[in-house]
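Commentary on secondary and tertiary structure
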Amino acid sequence: MTDSSDKKHNRRNFISATAATLTASTMVHSATAALPAEQPLRLAVVGCGGRGTGAINDSLTINSGVTLVAAADLRVGNCQQLVKTMSKAHPDKVSQNSTKLYSGLDGYKQVLDDPDVDVVLFATSPGFRSVMVQAAVQAGKHVFAEKPVCVDAAGYKLCTESHNTAVKNKTAIVTGTQYRRQVNYIEAVEQIQKGTIGDIINVTARYCTSGIWYRPRKENMSDVEYQLTNWMHFIWLSGDQICEQAVHNIDTFNWIMKSNPVSAYASGGRFTRPADSEMWDSMSVDYEYPEGKTVSFMCRQIPNSQAANDNVIYGTKGTCQIGASNSGSRIFDHNGKKIWEKNGKIKDAYREEHRALIQSIRDGQPIVELQQTADSSMVAVLGRVAAYTGKKVTWDFMTTESSLDLFPKTLTWNGSLESTGWAVPGKTKLV
Ligand SMILES: NC(=O)c1ccc[n+]([C@@H]2O[C@H](COP(=O)([O-])OP(=O)(O)OC[C@H]3O[C@@H](n4cnc5c(N)ncnc54)[C@H](O)[C@@H]3O)[C@@H](O)[C@H]2O)c1
């Protein structure tokens with residue numbers, strides 16, 4: 001590694017926050033000058049792990065006139081690996097010799113200072129997303145931000161500010177909620193909204209899967225290095241499964257309900273996680289939406305348990321099932337007869353988000369959709385907080401009064417950082 005300066009970081013010096021007015025906008029196009037077709041767009045990626053590699057590959061595959069010019073990661077070896085792989089896959093768009101590599105906790109700042117970078121793809125662990133995206137927007141870069149975009153109330157506020165600043169400055173922000181661009185999701189939501197299943201009565205949604213990775217601590221690793229490496233298991237970095245993974249379902253039902261929920265009441269616990277993981281194994285959340293409609297949501301990661309990943313919308317005239325990944329969407333009438341179906345491929349959706357981002361910049365109509373993904377990420381936080389505290393928690397409280405800020409007060413690569421441990425309902429405080 002990496003952050004040789006061993007400089008101290010906190011949420012404030014990761015970015016210099018700007019005050020901004022909140023808006024209720026979801027996806028916005030703010031017109032600006034179109035780019036000449038021949039002008040190349042220069043990409044950089046921050047976070048060169050599994051998804052960073054996947055996202056840059058999607059962009060380079062689907063778009064012409066783009067090049068990779070910089071890569072940043074905590075570890076330079078991850079940058080090198082990504083560039084090597086991409087230069088083999090896309091020799092016309094990536095040069096192994098000239099792509100700039102930046103490493104350490106400050107690497108992303110060097111990307112943002114680089115005048116040769118037009119578009120930055122962020123795929124680090126989620127805890128950094130809101131601060132990095134805000135810094136990118138302030139630097140005038142176009143952004144692709146993987147989901148989730150925030151894991152606490154402080155991050156949500158930064159996202160709202162960044163959304164508004166990007167709209168004002170006419171720079172793009174597309175987010176990694178790929179199901180919004182998957183054909184069977186889009187058409188199922190259209191069917192629901194045109195009344196094919198009648199009025200929505202309620203929704204059930206599940207993201208239940210088996211176990212996930214754990215990266216054990218190596219000798220001589222500082223607390224910070226260990227937590228950054230084993231990020232899924234520390235809530236300030238991942239937000240727990242409900243944020244990191246299940247935000248896909250939450251984003252889908254928020255889209256269908258055309259609203260954020262009013263409140264959440266939840267339960268869950270942990271039985272199988274490694275001893276030092278802060279994560280829970282499972283959570284069940286009842287989200288109350290306007291007009292008393294309930295979304296009954298469940299997520300679980302337990303080895304050898306049965307997987308289920310879908311959204312089922314019950315209406316007065318029928319039922320719509322929207323299956324995750326490549327499992328398609330279907331509508332049944334009340335006699336169980338299938339009256340509509342559509343298949344779609346997740347791989348196409350992953351590419352479509354990058355096509356849409358670049359096209360919107362080229363057309364001078366930059367897409368800004370951060371607020372809708374910030375809302376979905378915050379709905380995940382709301383459910384987690386309700387589960388962790390054992391209280392019914394309102395959306396208004398979490399978005400206007402909560403002081404929940406999980407980002408460490410200081411962060412240095414070699415520093416100490418005590419784990420908060422796992423939450424215990426009835427003991428964990430609502431803040
Ligand atoms: N849209 C999807 O379907 C999808 C799928 C997988 C992952 N993701 C998201 O992508 C993100 C990354 O997940 P992943 O599976 O690639 O994880 P990963 O552990 O494979 O990669 C994360 C990379 O980010 C780097 N990193 C962490 N903090 C950094 C920092 N401050 N500065 C620079 N680099 C930093 C790490 O060193 C690592 O290389 C997560 O938010 C995850 O939820 C989305």
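Each remark here, short or long, concerns the structure printed above.
For the structure given in this document, a descriptive report is provided here. (Residues numbered from 1 in each chain as written. Predicted model: local features only at pLDDT ≥ 70, side-chain atom pairs only at ≥ 80, totals over all residues.)

**Brief notes about the sheet that holds strand β14 (residues 329-333)**
Let me state the cut-off plainly: For two strands to count as paired, DSSP must find a minimum of two bridges between them. The secondary structure listing takes helices from DSSP runs of H or I that are at least 4 residues long and strands from runs of E that are at least 2 residues long, numbered from the N terminus.
Strand order in the open sheet made by the nine strands is β15-β14-β13-β12-β8-β11-β10-β9-β17, with mixed pairing throughout. Of all strands in the sheet, those with a lone pairing partner are β15 (338-342) and β17 (393-394), marking the two edges. The pairing of strand β9 (residues 263-269) with β17 spans two bridges and is classified as antiparallel. The residue bridging Ser263 from the neighbouring strand is Thr394, located in β17.

**So, the environment of Ala266**
Here is the rule: Buried means a residue has 20 or more other C-beta atoms within 10 Å of its own C-beta, exposed means 12 or fewer, and partly exposed covers the counts in between; C-beta atoms are placed from the backbone.
Counting through the fold element by element, Ala266 comes out in strand β9. The exposure class of Ala266 is buried, given the 25 C-beta atoms found within 10 Å. As a C-alpha pair, Ala266 and Trp231 span 35 residues in sequence and 24 Å in three-dimensional space.

**Things to note about the site of the ligand**
Applicable threshold: Put plainly, near means the residue's C-beta atom, positioned from the backbone, lies within 6 Å of the molecule or strand in question. Residues are grouped as follows: Ala, Val, Leu, Ile, Met, Phe, Trp, Tyr, Cys and Pro are nonpolar; Asp, Glu, Lys and Arg are charged; all remaining types, including Gly, are polar.
Around the ligand there are 26 residues in total, and Gly47, Gly49, Gly50, Arg51 and Thr124 lie nearest to it. Going through the elements one at a time, α2 (50-62), β3 (66-73) and α4 (107-113) are the ones with two or more residues in the shell around the ligand. A per-element tally of the shell around the ligand places α2 first, with three residues. Class assignment of the residues belonging to the shell around the ligand gives a composition of 10 nonpolar, 10 polar and six charged.

**Topic: the environment of Ser238**
Rules: Contact between two residues is assigned when their C-beta atoms, built from the backbone, lie within 7 Å.
Relative to the assigned elements, Ser238 resides in helix α9 (residues 235-238). On a C-alpha basis, the gap between Ser238 and Phe128 in space is 9.5 Å, while along the polypeptide they are 110 residues apart. Excluding its chain neighbours within four sequence positions, the residues that come into contact with Ser238 are Ser125, Pro126, Trp231, Met232, Cys243 and Glu244.

Note that all results are geometric; they support no functional claim without further evidence.
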